[in-house]
Amino acid sequence: MAVDIVFAVILVLIGIYFYLGKGADIIKWLNTMPIDKKERRDMVGLSKFIGKLFFVACGCIILMIIGEITDIYQFNIAGVVLLIIDVVFGYFYTHSGDRFNK
C-alpha cells in the first residue's frame with residue numbers, strides 16, 4: 001500500500017508539472033514529428049490536457065487505495081476500469097481532430 005501512495009504522489013507531481021505548461025518541452029523532445037508540424041501544435045494546451053489526465057489517473061489510484069484499505073474489491077475494479085477509460089479517452093481525444101493545433 002505504501003508503494004501505491006508514493007505512486008499517487010508521483011502522479012500528482014507530474015500532473016502539476018504538465019498542468020503548469022512546463023511539460024511541453026518533454027512532449028517536444030519525445031515527439032518524432034517534423035519541425036514544421038511541431039511548430040503548428042499548441043504544446044502548452046496539450047501539456048495542460050495531459051496534466052489533467054495525470055490528475056484523473058491519480059484519482060483512480062486513490063480509489064484503488066481506498067478499496068485496499070476497506071477490503072471492498074469493487075473500488076479496485078472501478079479504479080482499474082476508470083484508469084483504462086482515462087488512457088483510452090486521452091489517446092483518442094489528442095489524436096482525433098485539430099484540437100491542439102494553432
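Residues numbered from 1 in each chain as written. Predicted model: local features only at pLDDT ≥ 70, side-chain atom pairs only at ≥ 80, totals over all residues. Heavy atoms only, no water.

> Just to check I follow, could you spell out helix α4 (residues 43-70) for this structure?
Helical periodicity: at 3.6 residues per turn, an α-helix aligns residues three or four positions apart in one direction. Its 28 residues place the ends of α4 41 Å apart at the C-alpha level, agreeing with the 40 Å of an ideal helix rising 1.5 Å per residue. Directly after α4, the chain includes D71, whose backbone phi takes a positive value near 60°. (Helix = DSSP H or I, 4+ residues; strand = E, 2+ residues; numbered from the N terminus. Expected span 1.5 Å × (residues − 1).)

> Please explain helix α1 (residues 2-19) as it appears in this structure.
The first and last C-alpha atoms of α1 sit 26 Å apart over 18 residues, in line with the 26 Å expected at 1.5 Å per residue. Taken together, the buried positions of α1 are occupied by A8, L11, G15 and F18. One side of α1 holds all its buried residues, which, seen down the axis, span an arc of 90°. Structural note: α1 exposes A2, V3 and L13 on the side pointing more than 90 degrees away from its buried face. Just beyond α1, the residue with positive phi is G21, at close to 90°. (Buried < 20%, exposed > 50% of the residue type's maximum accessible area, 1.4 Å probe, protein only. Arc of directions from axis to C-beta.)

> Please clarify how the packing of aromatic side chains should be interpreted in this entry.
Each aromatic ring pair is summarised here by two numbers: the centre-to-centre distance and the angle between the ring planes. The tally for this structure, following the rule as stated, stands at nine aromatic pairs. For the ring pair Y93 and F100, a centre distance of 6.2 Å and an interplane angle of 75° mean the geometry is edge-to-face. When the ring centre of Y19 is taken as reference, the NZ or CZ atom of K48 above it lies at 6.0 Å. When the ring centre of Y93 is taken as origin, the NZ or CZ atom of R99, which lies over that ring, is 4.2 Å away. (Phe/Tyr/Trp six-rings, centres within 6.5 Å; stacked < 30°, edge-to-face > 60°. Lys NZ or Arg CZ within 6 Å of the ring centre and 35° of its normal.)

> Teacher, can you tell me more about the layout of surface pockets here?
Empty pockets left among the atoms are what a rolling probe the size of a water molecule brings to light. One number sums up the size of the second largest pocket: a volume of about 220 Å³. L11, I50, L53, F54, A57, L83, D86, V87, G90, Y91, T94 and H95 are the residues that line the second largest pocket. Elements supplying a minimum of two residues to the lining of the second largest pocket: α4 and α5 (73-95). For the lining of the second largest pocket, the element with the most residues is α5, which contributes seven residues. (1 Å grid on protein atoms, 1.4 Å probe; cavity = no way out; pocket = protein on both sides within 12 Å on 5 of 7 lines; lining within 4 Å. Points joined across faces, edges and corners; volume = space filled by probe spheres on them.)

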